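Working through the structure, step by step
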Amino acid sequence: DQQVKQNSPSLSVQEGRISILNCDYTNSMFDYFLWYKKYPAEGPTFLISISSIKDKNEDGRFTVFLNKSAKHLSLHIVPSQPGDSAVYFCAAPRYGGSQGNLIFGKGTKLSVKP
Amino acid sequence: DSGVTQTPKHLITATGQRVTLRCSPRSGDLSVYWYQQSLDQGLQFLIQYYNGEERAKGNILERFSAQQFPDLHSELNLSSLELGDSALYFCASSVAGEKLFFGSGTQLSVL
């Protein structure tokens, strides 16, 4: 039972363009979401988060948008850089709230071409 | 560097064997989480410890067990290993649980 879904296994964009990574969830209890980035041979690292009281959170080139009615969130990277090439995971605390063990999507592999 | 240390980085063993994976959390973090990443399943939560006590259990097989010691380091024990146990095993730690900090993982290969 996948409560957090990332339906695109991979995405390829040109350097300087926008990357949009999507994530859908099924559990209405989820009200806090996180994005993690993972390079090969490294563990996932926290990138950005959003609470359900907001519909947008921005941190430099990274912006996360949340559409609660559609149970959908997206991560925008503008402009994309080759160093952004990694696997991106969407995650949510398993039992709602903003704490506790996380349930992850299967990830989207982003390739940014120079 | 997340501050979470996992050893060993790579482990090659045979079916039926038993292995122990070790994790040292970030200084001050009381919670330790273990995750398994296999090719088709993504990151699957196994178990969480908080200050030495088991806090939550996920998709952890009965052949697997874990513990957290008084110095807060944790060990994940995998026994009667099967080919399907080959995966990347991550440990993560947190203070309040809002953000998890992951180690670089142990790649387990069961031959």
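Residues numbered from 1 in each chain as written. Chains lettered and ligands numbered in written order. Predicted model: local features only at pLDDT ≥ 70, side-chain atom pairs only at ≥ 80, totals over all residues. Heavy atoms only, no water.

This part is about the pattern of salt bridges. All names here are of chain B. Applying the stated criterion across every chain, the model contains six salt bridges over all chains. Between R63 and E82 there is a salt bridge; the shortest N-O distance is 3.7 Å. In this pair, R63 is assigned in the loop between β6 (53–57) and β7 (64–68) and E82 in the loop between β8 (74–78) and β9 (87–94), connecting sequence segments 19 residues apart. Put simply, R63, E82 and D85 are held in one network by salt bridges that share partners. (Salt bridge = Lys/Arg side-chain N within 4 Å of Asp/Glu carboxyl O. Helix = DSSP H or I, 4+ residues; strand = E, 2+ residues; numbered from the N terminus.)

Our next topic: unusual backbone geometry. Residues and elements named next belong to chain A. Following V78, the chain continues to P79 via a peptide bond in cis, the omega torsion being -10 degrees. Tracing the chain through its elements places P79 in the loop between β8 (72–77) and β9 (86–93). For A41, which is not glycine, the phi torsion reads 65 degrees and is therefore positive. Along the chain, the position of A41 falls in the loop between β4 (32–38) and β5 (45–51). The class for A41 is exposed, based on a relative accessible area of 72%. Notably, K71 is not glycine yet its phi reads approximately 50 degrees, a positive angle. Within the secondary structure, K71 sits in the loop between β7 (62–67) and β8. (Buried < 20%, exposed > 50% of the residue type's maximum accessible area, 1.4 Å probe, protein only.)

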